[in-house]
Structure formats: structure tokens, C-alpha cells
Amino acid sequence: MDNFTTSTGAGKTVIGTGVVSGVAYAEAVWIRPRPELPSSGQGVSPDQQVAEFERFQEAASNVSGRLETRAAGAEGNAAEVLNATAGMVKDRGWHKAVKKNINSGQNAEFAVVGATDKFVAMFEAAGGLMAERTTDLKDVRDRVIAELRGEPEPGLPNVKGEAVLFADDLAPADTATLDRTRIKALVTELGGPTSHTAIIARQLDIPCIVAAGSSLRDIESGTKVFVDGALGTVSTDIEETVAREKIEEYAMIAERIAQWRGPAQTKDGKKVQLLANVADGNAARIAADTEADGIGLYRTEMSFLSATEEPTIEEQAKIYGRVFSAFPSSKVVIRTLDAGSDKPISYANMEHEDNPALGVRGLRIARDNEALLTRQLDAIAQAAENREDDAPTWVMAPMVATTTEARWFANLCRERNLTAGAMIEVPAAALMADMIMPELDFVSIGTNDLTQYTMAADRLSSQLAYLTDPWQPAVLRLVKHTCEVGIRHNVPVGVCGEAAADPALAAVLVGLGVTSLSCASTAIAGVGSQLSLVTEEQCQQLAEIAVKSVGANAAREAVRDYLAQLDQ
Ligand code: PEP
Ligand code: MG
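Residue numbers run consecutively from 1 along every chain, following the written order of its sequence. Starting at A for chains and at 1 for ligands, labels are handed out in the order in which the entities are written. Totals for whole chains, interfaces and linings use all residues, but because this is a predicted model, local features are given only for residues with pLDDT of at least 70 and pairs of side-chain atoms are given and counted only at 80 or more. With hydrogens and water stripped out, all remaining heavy atoms of the structure feed into the side-chain values.

A. How the structure looks around the overall build of the protein chain. Looking only at helices and strands, one finds 21 helices and 17 strands in the protein chain. Here the C-alpha atoms of the protein chain give a radius of gyration of 25 Å, agreeing with the 24 Å that 2.2 N^0.38 yields for 568 residues. In terms of principal-axis extent, the alpha carbons of the protein chain reach across some 80 × 60 × 40 Å. Scored against the burial criterion, the 568 residues of the protein chain give a buried share of 54%. The method behind every accessible area is Shrake-Rupley, applied with a 1.4 Å probe, and residues are considered shielded solely by the protein chains displayed. Surface exposure of the protein chain reaches about 24700 Å², of which carbon and sulfur atoms provide 50%. Under the counting rule used here, the positive set is Lys and Arg, the negative set is Asp and Glu, and His together with the chain ends is not counted. The atom standing in for a charge is NZ when the residue is Lys, CZ when it is Arg, CG when it is Asp and CD when it is Glu. Between the mean site of the 53 positive side-chain charges and the mean site of the 78 negative ones, the protein chain shows a separation of 1 Å. A helix here means a DSSP run of H or I that spans at least four residues, while a strand means a run of E at least two residues long, and both kinds are numbered starting from the N terminus. Only C-alpha atoms enter the radius of gyration, while the globule expectation follows 2.2 Å times N to the 0.38, with N the number of residues. Only protein chains enter the area calculation, which uses a 1.4 Å probe; residues under 20% of their type maximum are buried, those over 50% are exposed, and those in between are partly exposed.

B. Just the coordination of the magnesium ion (ligand 2), in detail. Donor atoms are limited to N, O and S found within 2.8 Å of the metal ion, a distance that becomes 3.2 Å for Na, K and Ca. With water left out, some sites might look partial. Looking at the metal site, the magnesium ion (ligand 2) is ligated by Glu425 (OE) and Asp449 (OD), spaced 2.0 to 2.1 Å from it. You can see glutamate 425 sitting in the loop between β14 (419-424) and α14 (427-431) and its partner aspartate 449 sitting in helix α16 (residues 447-455), a full 24 residues away along the chain.

C. Spotlight on the packing of helix α20 (residues 536-547) against helix α21 (residues 552-567). Where helices are involved, their axes are fitted lines through C-alpha atoms of the stretch in contact, as for all axes, and angles between N-to-C directions lie from 0 to 180°. Contact pair α20 / α21: the axes reach a minimum separation of 9 Å and the direction vectors enclose 150 degrees. As far as their axial angle goes, α21 and α20 are roughly antiparallel. Handedness of the α20/α21 crossing: right-handed. Two secondary-structure elements touch here, α20 through Gln538, Gln541, Leu542, Ile545 and Ala546 and α21 through Ala555, Ala558, Val559, Tyr562, Leu563 and Leu566. Considering only residue class, the contact of α20 with α21 consists of nine nonpolar, two polar and no charged. Should an angle lie under 35 degrees it is considered roughly parallel, over 145 roughly antiparallel, and from 65 to 115 roughly perpendicular; all remaining angles are considered oblique. Crossing handedness: left-handed means the near helix sits turned counterclockwise from the far one by under a right angle, and right-handed means the same turn made clockwise. Working rule for contacts: check all heavy atoms of both residues, and any pair within 4.5 Å makes them a contact. In this classification, Asp, Glu, Lys and Arg are treated as charged, Ala, Val, Leu, Ile, Met, Phe, Trp, Tyr, Cys and Pro as nonpolar, and every other residue, Gly included, as polar.

D. Fine view of the pairing of strand β4 (residues 23-30). Among the eight residues of β4, seven are classified as buried, and the element is accordingly described as predominantly covered. Taken together, the five bridges between β4 and strand β8 (residues 224-228) define a ladder with antiparallel strand orientation. Paired with alanine 26 across the strands is valine 225, a residue of β8. Two strands are said to pair when DSSP picks up at least two bridges between them. The pairing of β4 with strand β5 (residues 163-167) spans four bridges and is parallel. Paired with valine 29 across the bridge in β5 is leucine 165.

E. Up close: the pairing of strand β6 (residues 183-188). Where burial is concerned, most of β6 is hidden: five out of the six residues are buried. In this sheet, β6 lies alongside β5 in parallel orientation, the contact comprising five bridges. Looking at β6, one finds that alanine 167 is bridged to threonine 188. The sheet contact formed by β6 and strand β7 (residues 208-210) spans two bridges and is parallel. Along β7, the bridge assignment pairs valine 187 with isoleucine 209.

F. Seen up close, the pattern of salt bridges. The salt bridge criterion pairs a side-chain nitrogen of Lys or Arg with a carboxyl oxygen of Asp or Glu, the two atoms within 4 Å. Within the structure shown, the criterion is met by 30 salt bridges. Aspartate 338 serves as the salt-bridge partner of lysine 343, at 3.3 Å between the closest nitrogen and oxygen. Each member of the pair lysine 343 and aspartate 338 is classed as buried. Here arginine 361 ties to aspartate 449 by a salt bridge, and the two come within 3.2 Å at their closest N and O atoms. Of the two residues, arginine 361 is situated in the loop between β12 (331-335) and α12 (370-384) and aspartate 449 in helix α16; the sequence distance between them amounts to 88 residues. For the pair shown, arginine 361 and aspartate 449 are each scored as buried. Each of Arg34, Arg66, Asp139, Arg141, Asp142, Arg143, Glu147 and Glu153 takes part in salt bridges that share partners, so that together they form one network.

G. Structural context of the site of ligand 1. We call a residue near a molecule or strand as soon as one heavy atom of that residue lies within 4 Å of the molecule or strand. The immediate surroundings of ligand 1 are formed by 15 residues, with Arg299, Arg335, Gly446, Asn448 and Arg459 found nearest. Pairs of N or O atoms within 3.5 Å make up the polar contacts considered here, provided that, within protein, one atom can donate a hydrogen while the other can accept it, and that residues adjacent in sequence are counted only when both atoms are side-chain atoms. At 2.9 Å from an oxygen atom of ligand 1 is found a side-chain nitrogen or oxygen belonging to lysine 343. In the model, an oxygen atom of ligand 1 is placed 2.7 Å from a nitrogen or oxygen of the asparagine 448 main chain. In isolation ligand 1 offers 280 Å² of accessible surface; the protein chains occlude 99% of this area. Considering every element that reaches the shell around ligand 1, the biggest residue donor is α16, with three residues. Residues belonging to the shell around ligand 1 are distributed by class as follows: three nonpolar, four polar and eight charged.

This is the structure in C-alpha cells:
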């Protein structure tokens, strides 16, 4: 069954979506509860209003001060997140809105709620990444309200021993300073594979399960739980000795992963290009420290999310050049702007669309604005001139749905001597692969969107995480078809969605005929190590098992069982 709770005797197992592999056995600790929000609070007379606003300012200043102190003791990304949250507490627009509410007679607590609601509504209307920041806004609201009431600050409790952290969803300020030596796993009721919790957990390499659903609430703080991040399970009925054995087993796997060295190949020597997904030069430098053979997906739009004007060709070339210089002679696959849907860019997208995931996103923007695309291609070509002579620079378009689009894009690339490809992430493109592929030099399957569109399930919805699972056999069948066409036309077929980051699924993808895999830097060694343990023929058997399974969990479990047998 997909994502349901199972009960055995006194114990129970809650199933969510595993986003970072690993196992842990420790007490569950629920994050300190958010304060009850006031639903009224009128009655502050005009002569008390100045003092009431000062009370708010003092509370806000205490909260931001504490966050800044924590930031000073943290490093890198953690410090940035804490400083950003402190900045939100000090935001002048928010303070102004609170003041206005207090001046209308509201007490500080109620004024904070109203002011925050106003900003949340604005962020939600903007959609995409802005909408995801509403968690941060509500976090700031809750901290200030707790401070106003003299209650303990909500969020991370002071954990004494080892713990598995439970939460509805985690705010950036909670995850930024997680004590890795104590917090052994994260489990959230909400969230999805691309939520903030998942991203931080991946960076910290903490086993993590999201979208576990409301039945997680039945497990109280203090209950010993066993978490399996690969299976997405949280169990309360496992015996301590069995749990310890599983942890030891996993430690051996982790050791094997740490020992693995590229280039990636199967046990019988079939080469598989293993590449990294990056969003900027910094991430590319991190990738260069791994065993990655190059970059398989550079998401260029991530550099422009907050830009209000299109950067010039020279400015763009400089930004792309930073990624190229991390891999001066290796393959870099750069994707043209995938603006829209959850990644709106103000200078590229329409102001409002009722259904942005099905709207004018990715390559579609260039239909009415070809110059936006050609300026980007010019910038890529300019940056590529500084690469070493034979360094492969491949360029692909997101959201290609038709043969005409593929031909049009490929011509624009070839006019600039760039190797042309397309993402296969719209089911139509997979089904038309035999027409589309002859137009191109390569394709790369975006399993995140391919899953979203095949299953008709929003990739950001936590309720639908059981559908937006790349193990869905329907998605794997489209991958299979694309690979078969790729082999016929001699066009390389890569995968650059999250599916490529799951070691067992990576073996399935190789069995389906994928020639390169691109994933987060943290996942490279796990995938490479898994491939080194299986032959090409075994990968093909795994692929057969997965595409013939009845559902995503059944596919995952059957493949796991097969791999476990090989280990014996
Ligand atoms: C995908 O859709 O699988 C993909 C790699 O692109 P993105 O996640 O950026 O949409
Ligand atoms: Mg995509």
C-alpha cells in the first residue's frame, strides 16, 4: 500500500516519504509547540498605544537578538538562515503593519497575528518560492508572540540525549543549528521531497522522512522509534536489539560508500556517467570535490529568482563562467531558464496564471520572447569560449512538449555551436521520443516534473507525496520507452531528477538503459557505490521487476529485496 499506517499489536508503523536514506533508533522529540494564537485582542486605549508598541518592539528585539547570537555561533548556510530570520523579525514593513493595528486599539499579540496574516496573503498570492516562505513568516510571528507572553520560544527543545525530531514542518531557523551529534533523524507530518526540511536534511545528511501525515501525532515525545529514511518508515514496535543490528548494518554500508571512488561503473564494468546537479558556482565547486564526472544539470534560473531586470549578456556570461570554471575540461550540461510555476522570475514570467505548473513556464516563455532565449544562449556561448578546448558544453531546454519546439531550440543552439538537448519531463515528449530525438544530440529525463505530470499530482503537495514518487511504475514505463528510442537513434538518455539520487532506483534506471545520472553532490557516492555492486544484467532484472510492480512502494520493496539477496 502507498503511504498508510500499519499497526501490529501495541506498536505501529507510520509511512511517509523518505527523502534522505539512513537509519536511526532514538526517542521521538516533538518540536516545542507553537503558541495558541489569539483570535481577538481589542481594547488598548489611545494613551496606552505607544507603550504597547514599545512592548512589541522590545519582544521583537529580544527575539532577533537571540537569533543573531545563534547566528554568530554558527557557520555558513546555518548562519545565513538565522540572520535572514532575524532580519524578518526586524522588517520595517512588518513593524509598520503591527503599529497600525495597535493604533487601531489592538493589543500587541493580536496586532502581530493580523500583520503577519497580511504578509502571508501577499506571499501566497505571489506563489512559488515566495509562498514557501510563509513558513518563515509564521515562525517569526510565533517566536514574538511567545516572547510577548513570557512563554518559552517555540521550536527546537534542548535535547539532552539522542533524539529523532518530530515536527509538523520545520522552519529554517530550527533546522539551521541542528546538533548533528544528537538529532539522529527528522520526521515531519507535512512537507514534500522539495520542502525546506528535505533540502536541509540532504545537506546535513540526516535520515529524513516528510509527509508522514496526521497519524504521526499518535506517537508521543519520549517514545522510542526506529526510522528508515530509505523506506520512509517510522516504527514503534521494533526491539532494541533488532534496531541496533540494523544500525550496524547501515554503518557498514555508510563505510563502503565513503570508500567508493569513481568513475562510476557496474560490477561488470559498464560505464555510467555520474554527474552533479548544481544551482550556482558555489555548488559547482562543492561538486568538484566529489567523484562527479561533471555537471548534469545546471539550473540557471536559480541565479535570477530575485532579479527584477534581465541581466545583460556579459553579466550572465560571468555567472555561467563560475560554474564552468569548477569543471574546466569536463562535461557541463546547462539548462536554459526554467522560469515559472514554483520558480517565478519577475522579468520573464506573466504576472498571474491560474495554473502556473501547466502554464507558460520553461521553454514556453520564449515562444513570445525568443530574444530572451537567444540572449541567454549567446551568454552561454560566450562563457563557453573560456573553457578548455574539448570541454563538452551541452545545452538543454526545459518543458519541451513537441517536435517543433525541439527542432526550433536545437537550431538556435547549433547556430552558436552548442550541443543541443532537451529535458524529457512532459509525458508528451516521452511518448513522442521517436520524433523528438532525431532533432537533438541528447536528452535528459526530469523525473520530478515527469512524475508530477504523469500522475497529475502537484509536486509541492504533501498530501500527494505518495503519488509524486519517482518509483511509480507509470513513470518508469515512460523512462523505459524513452531509453529504447534513445538506443535506436543512438542518442544518449540521462536522468537528472531526484530519482537519480536514490541508489536502488539509480540501478533500475541503468537497467532501463539510462547512460548518465545526475544528482545532488551529497548523493553521488551512494549511487556510485550501489552501481559497483550490481552487474548490468542484474540492473536489467531490477528494471523489469520495477516496471511490472503494482505501485511505487511495491516496486521499491521488490527491488530492495532483490538487492538484499545479492548481498548475501
Ligand atoms: C525535473 O523536473 O526532474 C528537473 C530536474 O527539473 P526541476 O526539478 O528543476 O523542475
Ligand atoms: Mg523540471
